[in-house]
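# Close look at the chain arrangement
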Amino acid sequence: MVEVKPLFIEGKPFTAVSVQLPKTNLLMVSNETGYIMCGALDVNLLNEKLQGRKIIAGRATGVRSIEDLLAAPLELVTVEAEKKGIFQGMTGKDALLKMA
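Residues numbered from 1 in each chain as written. Predicted model: local features only at pLDDT ≥ 70, side-chain atom pairs only at ≥ 80, totals over all residues. Heavy atoms only, no water.

Here the focus is the environment of N44. Within the secondary structure, N44 is located in helix α1 (residues 43-48). Under the relative-accessibility criterion, N44 is labelled partly exposed at 43%. With 33 residues separating them along the chain, N44 and V77 place their C-alpha atoms 9.0 Å apart. (Helix = DSSP H or I, 4+ residues; strand = E, 2+ residues; numbered from the N terminus. Buried < 20%, exposed > 50% of the residue type's maximum accessible area, 1.4 Å probe, protein only.)

Okay, the nonpolar core next. Residues L7, V29, I36, L70, I86 and L96 are the most contacted members of the largest nonpolar core, which totals 29 residues. When residues of this core are traced back to their parent elements, those giving at least two are β1 (2-9), β2 (12-21), β3 (24-30), β4 (35-37), α1, α2 (66-71) and α4 (92-99). Setting aside its immediate chain neighbours within four residues, L70 contacts L7, I9, V29, I36, T91, G92, K93 and L96. (Core = buried A, V, L, I, M, F, W, Y, C linked by side-chain atoms within 4.5 Å. Contact = heavy atoms within 4.5 Å.)

Further remarks concern the confidence of the model for the chain. When the pLDDT values of the chain are averaged, the result is 95; 100% of them are 70 or greater. Looking over the chain, one finds the lowest element-wise mean pLDDT in α1, namely 90, and the highest in α4, namely 98. (pLDDT = per-residue confidence, 0-100.)

Pairing of β1 with β2 involves 8 bridges; the strand directions are antiparallel. Bridging across to β2, V4 finds its partner in V17. Hairpin remark: β1 followed by β2, antiparallel, with 2 residues in the connecting loop; positive phi at E10, about 50 degrees. Pairing between β2 and β3: 7 bridges, direction antiparallel. Its bridge partner lying in β3, V19 is registered against L26. Counting the residues that bridge the hairpin from β2 to β3 gives 2 residues, and of these K23 lies at a positive phi of roughly 70 degrees. (Pairing = 2+ DSSP bridges.)

We now examine the sheet that holds β4. Two modes of strand pairing occur in sheets, parallel and antiparallel, and in both the strands are linked by backbone hydrogen bonds. The 6 strands are arranged β1-β2-β3-β4-β5-β6 in an open sheet whose pairing can be described as mixed. In this open sheet, the two strands that pair with only one neighbour each are β1 and β6 (76-77). Of the strand pairs in this sheet, β3 and β4 are connected by 3 bridges, and their pairing is antiparallel. What sits directly across from M28, in β4, is M37. Strands β1, β2, β3 and β4 of the sheet are contacted by α4, whose axis makes an angle of about 160 degrees with β4. (Axes fitted to C-alpha atoms, helices over the stretch in contact; angles between N-to-C directions.)

Shown next as structure tokens:
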């Protein structure tokens, strides 16, 4: 099952996406600037092979819901995210607010 729904954080609009897969869930929250995602996100790929795209993103692991993703500390972030003031250890919610 795929669920896409609007999400507002401190009045700022985002889109939450949850995809139920066998034995796992794919979770993401995004806006037009960037996104945070569950452990499926390959930050190294974004930083190395796709660096020209200047993707602003962060990854949190061990999350099972959108609420977990918002509360969890980011394990890795892209170089472009760091330029926006988004750093490893910052909660998903705080990182998204930096993208708003």
